[in-house]
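Results of the structural survey
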Amino acid sequence: MIRVFCHTLTNDFNAKRCVFIGVTPDGRQLVTLNHDIQQSWNVGDFVSPLAHVLQSGQQKVINSEHLIYWQEDKAFSSLLGHVGDGDKVLITPLKDDVSEASDHVMALAVYVVDVVSWNNTQWQDNWNLHFPRFIELYTHHWQKLNELEKATTLKGRLRESLNLVEQTQAISNKSDLIKQNLVGDSACMKKLREQVAVASQSDMTVLIQSDTGVGKEVVAASIHEQSSRSRQSLVAINCAAIPENLLESELFGYSKGAFSGATTDKTGLIALADGGTLFLDEIGDMPLMLQAKLLRVLETRKYRPLGSDKEEESDFRLLAATHVALQEKIEQKLFRQDLFYRLYQFPVHVPCLKDRDDDIHILAKHFIAKFNQDNNANVVGIHFEVLDALSQHDFPGNVRELRNLIEFGCSHANDGEPLMYNHLSHYLNAQNESVVAESSEELGVEEEQELVSISDLRSAVKDYESKIIAMRLKQFKGNRSLAAESLGIPKRTLADKCTKMEIVL
Ligand SMILES: Nc1ncnc2c1ncn2[C@@H]1O[C@H](COP(=O)(O)OP(=O)(O)OP(=O)(O)O)[C@@H](O)[C@H]1O
């Protein structure tokens, strides 16, 4: 469009030079639009004649002798090139014809007319007659093109935001589905489900890092189930559970005769995962020699079964998990750094249960429902004392320990009844006994010293009672029901004694 404008001005109106200047979208700058010239001016810089025309909206004709006044504006001078004696520099504003402000200037055309043309009456007639019409037509077309461009850009942006909305919706839908297996309402579990949903949309290698029993396997299964590979298998292996020499043949498979005992061909897990997902649990325990082989497979997708001279291909997606800190293993030269970075494409951390104890209740309910379903039982809910006790438990074995605990309790509960404290007391007391044993040992030393100095038996007994109650309350983190139950006294009696003895916790 600009080329056509300059071409018409040069050919039909004998312009010696023609430059097109536009206003930037933020309205702050004037910039040259010709491809071969790069200059810009601040719209408020009145050292330049361009700012004057932009503000007045009136065409300006500058005689060659008056150019001296604008010499301070070096950019403007260099724009014009050589201007001969008597030549005229014209700056014509191009006004937008649909804008409500009829003086809105869209652009400026700067051109030089030589003295001969300017003094020629035929040129003058032609210029007076056709130039205004040309400018009007040109501005109109240019404006339409700009509108079209704006509409196309807007359409593109709308599409982009629509895609974003669709993507967010898809992730939220997936997260809801994932919640059926990856239970928990804590903020970190919601975030984890979102990460799982995002991971399931790509083929990136996911490295799941966490303590034992937190649900790494559940995370891996959820990623696979929500991915486009879900119709094919999820093939899982625990690298720590299999002896080193067997792990290689399990993964790569072997040909008949590869070693003594290989009486038939065996398909390896890498082959079985073709089209699906391979989950390597406890990858931190994989021997170094196998790590090198795995790295090669990840890079080429090719592998060779033991004893075979033929390379095979497998299109699998890798998920890996570890409960050990791989960085430490790298420092100890027990894990390859290059493999770590290959696995670390999409890292996922699953938080420990003690860092999200809001989830204990919902997980407990989930495991009771599962127990009922699997055992055709009818344990109805969970008593608040059990929840209190659970929230004070540390769960070093994480969700797996909670699941075992609930299943243990459910198996002692009666149909139609909720899960009560006494159904779990055997399990929990075994834990508490170790706490009490620790405290008792400490008390033994102090007690010995105190016994020697007793002079008032009644007050010593009271002190002793008060210590026992305080210790028991501490053990149950201030829960008076549990402390009273453990001491075999009613809760009200314990409360009275606390008031009388001024025991506060
Ligand atoms: N968020 C959860 N929702 C429901 N069940 C869960 C959740 N997290 C873990 N579980 C259950 O807890 C048990 C242990 O989970 P999982 O085997 O996935 O843990 P892990 O981290 O892989 O353990 P390990 O480190 O021993 O391999 C399983 O029975 C699993 O179903």
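This structure is a prediction, so every number in the text was calculated from the model and none was measured. (Residues numbered from 1 in each chain as written. Predicted model: local features only at pLDDT ≥ 70, side-chain atom pairs only at ≥ 80, totals over all residues. Heavy atoms only, no water.)

UniProt feature "domain: Sigma-54 factor interaction" (unreviewed entry): in the numbering of this structure it lies at residues 182–411. In residues 182–411, the share of helix is 45% and the share of strand is 14%. The end C-alpha atoms are 24 Å apart. (UniProt positions renumbered as here; feature names shortened; annotations may be inferred. Helix = DSSP H or I, 4+ residues; strand = E, 2+ residues; numbered from the N terminus.)

Let's shift gears to the site of the ligand. The local shell around the ligand holds 20 residues, among which Val183, Thr212, Gly213, Lys216 and Arg403 are the closest. Here an oxygen atom of the ligand and a backbone polar atom of Gly213 are 3.0 Å apart. Here an oxygen atom of the ligand and a backbone polar atom of Val214 are 3.2 Å apart. Protein contact buries 87% of the 630 Å² of open area that the ligand shows by itself. Counting residues per element, the ones that place at least two in the shell around the ligand are helix 7 (216–226), helix 13 (359–375) and helix 15 (398–412). Its residues assigned to classes, the shell around the ligand shows 8 nonpolar, 5 polar and 7 charged. Of the residues that make up the shell around the ligand, three or more belong to each of domain 2 (187–351) and domain 3 (359–500). (Near = heavy atom within 4 Å. Polar contact = N/O pair within 3.5 Å; in protein donor to acceptor, adjacent residues only side chain to side chain. Areas by Shrake-Rupley, 256 points an atom, 1.4 Å probe, with all protein chains shown as cover. Nonpolar A, V, L, I, M, F, W, Y, C, P; charged D, E, K, R; others polar. Domains from an automatic or database assignment.)

With parallel pairing, 5 strands are arranged side by side in an open sheet as 8-11-14-7-15. Since the sheet does not close on itself, it has two edges, and those belong to strand 8 (234–238) and strand 15 (346–349), each with one partner. Averaged over all pairs of adjacent strands, the angle between strand axes in this sheet comes to 15°, irrespective of strand direction. With 5 bridges connecting them, strand 8 and strand 11 (residues 277–281) associate as parallel partners. Each residue of the ladder has a partner; that of Ala236, found in strand 11, is Phe279. (Pairing = 2+ DSSP bridges. Axes fitted to C-alpha atoms, helices over the stretch in contact; angles between N-to-C directions.)

Before going further, it helps to examine a nonpolar patch on the surface. Taken together, Met1, Leu145 and Leu148 make up a surface patch of nonpolar side chains, about 270 Å² in accessible area. Positionally, Leu148 belongs in helix 5 (residues 121–178). Residue classification places Leu148 among the exposed residues on the basis of a relative accessible area of 56%. (Patch = residues over 30% accessible without salt bridge, like charges linked within 9 Å, V, L, I, M, F, W, Y side chains within 5 Å. Salt bridge = Lys/Arg side-chain N within 4 Å of Asp/Glu carboxyl O. Buried < 20%, exposed > 50% of the residue type's maximum accessible area, 1.4 Å probe, protein only.)

One turn of an α-helix holds 3.6 residues; hence residues three or four places apart share an orientation. Turning to helix 8 (residues 244–252), its buried residues are Leu247, Glu248, Ser249, Leu251 and Phe252. Just downstream of helix 8 lies Gly253, where phi reads positive at about 75°.

Glancing now at the packing of helix 8 against helix 10 (residues 288–300). Interhelical geometry of helix 8 versus helix 10 gives an angle of 15° and a closest axis separation of 10 Å. It follows from the interaxial angle that helix 8 and helix 10 lie roughly parallel. Between helix 8 and helix 10 the crossing geometry is left-handed. Contact residues: Leu247, Glu248, Leu251 and Phe252 in helix 8; Met289, Leu290, Lys293 and Val297 in helix 10. Counted by class, the contact of helix 8 with helix 10 contains 6 nonpolar, no polar and 2 charged residues. (Parallel < 35°, antiparallel > 145°, perpendicular 65-115°, else oblique. Left-handed = near helix turned anticlockwise from the far one by under 90°. Contact = heavy atoms within 4.5 Å.)

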